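A structural walkthrough
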Amino acid sequence: MSEVDTTNVAEEKTPVIEPTSELPPTSTEVSVSNDEKYEFFKVIQDYLDQAAKVVDLPEHVRDMLAQPKNEIIVHFPVAMDNGKMKMFKGYRIQHNNLLGPYKGGLRFHRTASLDDFKALATMMTWKCALMQIPFGGAKGGVKVDVSKLSDAELMRITRRFTHALGNNIGPEYDIPAPDVGTNAQIMVWIMDTFMNQVDHTQKNAQRGVVTGKSLTCGGSQGREKATAQGVVHCITEWAKDNRFDLEGKTAIIQGFGNVGSFTALLLSRLGVSTIATGDHTGYMRTSEGFNAHKLADHVKKNGSIKGYVGGESISREEFFSTKADIFIPAAIENQIGEVEAQLLDVALIAEGANGPCNPAGERILAERGIPVIPDVLANSGGVTVSYYEWVQNLRSENWPLEKVDARLETKMKDAYRRVSFFAQEHGVSLRIAAYGLALEALKTAYAERGIFP
Ligand code: NAD
């Protein structure tokens with residue numbers, strides 16, 4: 001029998017669906033900007049409470065939305081290249097499906113934790129409700145360092161995780177998508193595994209089990225850049241409101257993966273140059289602006305910005321102090337705390353990442369008068385085009401890029417206007433306005449449907 005490596009595996013049976021009330025206190029292992037533990041889910045719950053007051057949310061609705069409906073944890077063995085078996089831990093947190101099937105990304109990251117996934121799943125509910133797309137919220141992933149895996153190992157982990165999730169996902173039930181550490185190839189492996197688990201007569205009806213697939217396997221035109229495109233639409237709307245000419249302006253971007261690299265590229269088309277960037281390996285700066293195409297190609301080949309010759313290495317502190325017009329966090333949560341918020345020398349922050357500002361950082365940004373376009377609005381272009389992909393799969397259609405782009409632009413600009421108007425009307429931040437609009441939609445749906453039975 002092969003050896004089984006059970007490092008990092010807790011005692012749960014497989015699969016476990018844990019009722020929220022019986023859960024032990026969560027531990028947080030997020031990669032933080034300082035040494036403190038970060039309770040990401042608690043932060044999201046606090047925003048919920050602030051927005052609940054603004055929209056007069058009934059207490060029972062608040063209580064339902066304060067916890068995910070299902071918390072699924074699976075442990076599964078995978079054959080590694082060295083011939084040994086290793087156990088992995090996977091999660092799927094299904095926060096709410098009142099407005100439609102659960103929807104949200106899968107994150108493969110070494111620090112993945114239950115607390116993070118609960119926070120991220122909850123934010124997906126707000127995003128879909130705000131964007132008026134018929135989905136609920138979910139998030140999940142695997143606790144693994146993808147940089148240490150071969151492609152074959154990554155594929156086996158993905159397939160075995162999909163198998164372990166079983167019918168906890170499905171095109172009419174819960175639809176994953178890419179997030180940190182996952183991409184179109186991983187989505188295609190999930191789709192293929194899922195298709196092979198159903199009766200062969202039903203195979204092709206399962207294509208919509210994931211979004212963010214490659215074009216040949218049922219993906220949508222425009223999905224890869226969609227999140228960044230949405231961020232850029234928000235920036236252009238903000239610029240219009242503030243009579244801020246983007247031509248000739250500068251940006252700094254933290255994270256140069258899907259969201260970061262496409263944001264740099266799309267901004268460059270508007271005349272905005274990215275003069276500093278960074279990722280999990282370090283930070284870089286160039287006064288001339290990075291060539292976004294070249295840097296993105298380097299990251300694709302090497303897995304990070306490390307070794308790129310078109311910029312000088314700088315410290316994290318120097319990155320945050322770089323004077324620029326716009327800052328786009330596009331890495332992970334809890335990156336802008338008090339220290340970073342004091343260092344930043346920008347006119348606008350547009351949150352490509354989920355939860356990049358922590359509450360202490362956000363308070364300082366507010367005091368300093370630096371506006372923040374919040375994650376729930378700014379990065380919702382991804383789930384919006386995921387919805388278009390899902391519709392195309394259901395109808396066996398293939399929309400041209402122009403149609404996807406035009407629909408996304410209308411949706412993003414409409415959402416930006418609604419959030420901006422709500423913020424002014426209620427005298428709240430754009431973040432609380434985005435939450436408030438999402439909660440109003442959920443409040444109405446709960447009032448109309450009532451609580452079963
Ligand atoms: P990705 O894996 O393609 O890129 C993540 C980037 O963050 C990489 O450059 C990585 O090196 C960097 N990074 C990771 N840890 C870091 C750290 N500690 N310090 C600095 N940099 C670090 O992921 P992505 O899809 O671009 O996602 C980025 C963010 O955007 C996440 O918060 C994700 O939840 C959010 N988001 C993504 C999508 C999407 O469609 N991909 C949609 C909405 C929101």
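Just above, that's the structure.
Residues numbered from 1 in each chain as written. Predicted model: local features only at pLDDT ≥ 70, side-chain atom pairs only at ≥ 80, totals over all residues. Heavy atoms only, no water.

1. Details of the site of the ligand
- Around the ligand there are 24 residues in total, and Asp179, Thr227, Asn258, His280 and Asn354 lie nearest to it.
- Within the contact set of the ligand, an oxygen atom lies 3.2 Å away from a side-chain nitrogen or oxygen of Arg223.
- Considering the ligand on its own, with 830 Å² of exposed area, one finds that the protein chains cover 88% of that surface.
- Taken together, the residues of the shell around the ligand break down into 9 nonpolar, 11 polar and 4 charged.
- Looking at the shell around the ligand, you find at least three residues from each of domain 1 (3-30 + 68-217) and domain 2 (226-378). (Near = heavy atom within 4 Å. Polar contact = N/O pair within 3.5 Å; in protein donor to acceptor, adjacent residues only side chain to side chain. Areas by Shrake-Rupley, 256 points an atom, 1.4 Å probe, with all protein chains shown as cover. Nonpolar A, V, L, I, M, F, W, Y, C, P; charged D, E, K, R; others polar. Domains from an automatic or database assignment.)

2. Brief notes about the side chain of Lys225
- By the secondary structure assignment, Lys225 is in the loop between α5 (184-195) and α6 (226-241).
- At 2.8 Å, the side chain of Lys225 forms a polar contact with the side chain of Gln229.
- Discounting chain neighbours no more than four positions away, the residues touching Lys225 are Phe262, Leu266, Leu401 and Asp405. (Helix = DSSP H or I, 4+ residues; strand = E, 2+ residues; numbered from the N terminus. Contact = heavy atoms within 4.5 Å.)

3. Quick word on empty space enclosed by the protein
- A complete count under the given rule lists 3 cavities of 30 Å³ or more for this structure.
- Counted as a void, the largest cavity has a volume near 60 Å³.
- Along the walls of the largest cavity sit 13 residues, with Ile44, Tyr47, Gly355, Asp375 and Arg431 positioned nearest its centre.
- Where the lining of the largest cavity is concerned, the elements lending two or more residues are α1 (40-54) and α15 (430-449).
- A total of 4 residues in the lining of the largest cavity trace back to one element, the largest contributor, which is α1. (1 Å grid on protein atoms, 1.4 Å probe; cavity = no way out; pocket = protein on both sides within 12 Å on 5 of 7 lines; lining within 4 Å. Points joined across faces, edges and corners; volume = space filled by probe spheres on them.)

4. A few points about the pairing of strand β12 (residues 326-329)
- Alternating positions in β12 separate into two faces, Ile326 and Ile328 on one and Phe327 and Pro329 on the other, with burial throughout.
- Judged from the 4 bridges that link them, strand β8 (residues 250-254) and β12 form a sheet pairing that is parallel. Considered in β12, the bridge of Ala251 is made with Ile326.
- The sheet contact formed by β12 and strand β13 (residues 348-350) spans 2 bridges and is parallel. Bridging from a neighbouring strand, Phe327 pairs with Ile349 of β13.
- Handedness of the crossover is the feature at issue here: the chain leaves β12, passes through helix α10 (residues 338-343), returns alongside β13, and the resulting connection is right-handed. (Buried < 20%, exposed > 50% of the residue type's maximum accessible area, 1.4 Å probe, protein only. Pairing = 2+ DSSP bridges. Right-handed = clockwise from strand over helix to strand, strands pointing away.)

5. Details of the environment of Lys203
- Its location among the elements puts Lys203 in the loop between α5 and α6.
- What makes Lys203 partly exposed here is its relative accessible area of 30%.
- Distance in space between the C-alpha atoms of Lys203 and Arg395 is 15 Å, their sequence separation being 192 residues.
- In this view, Lys203 contacts Met195, Asn196 and Val198; residues no more than four positions away in its chain are not counted.

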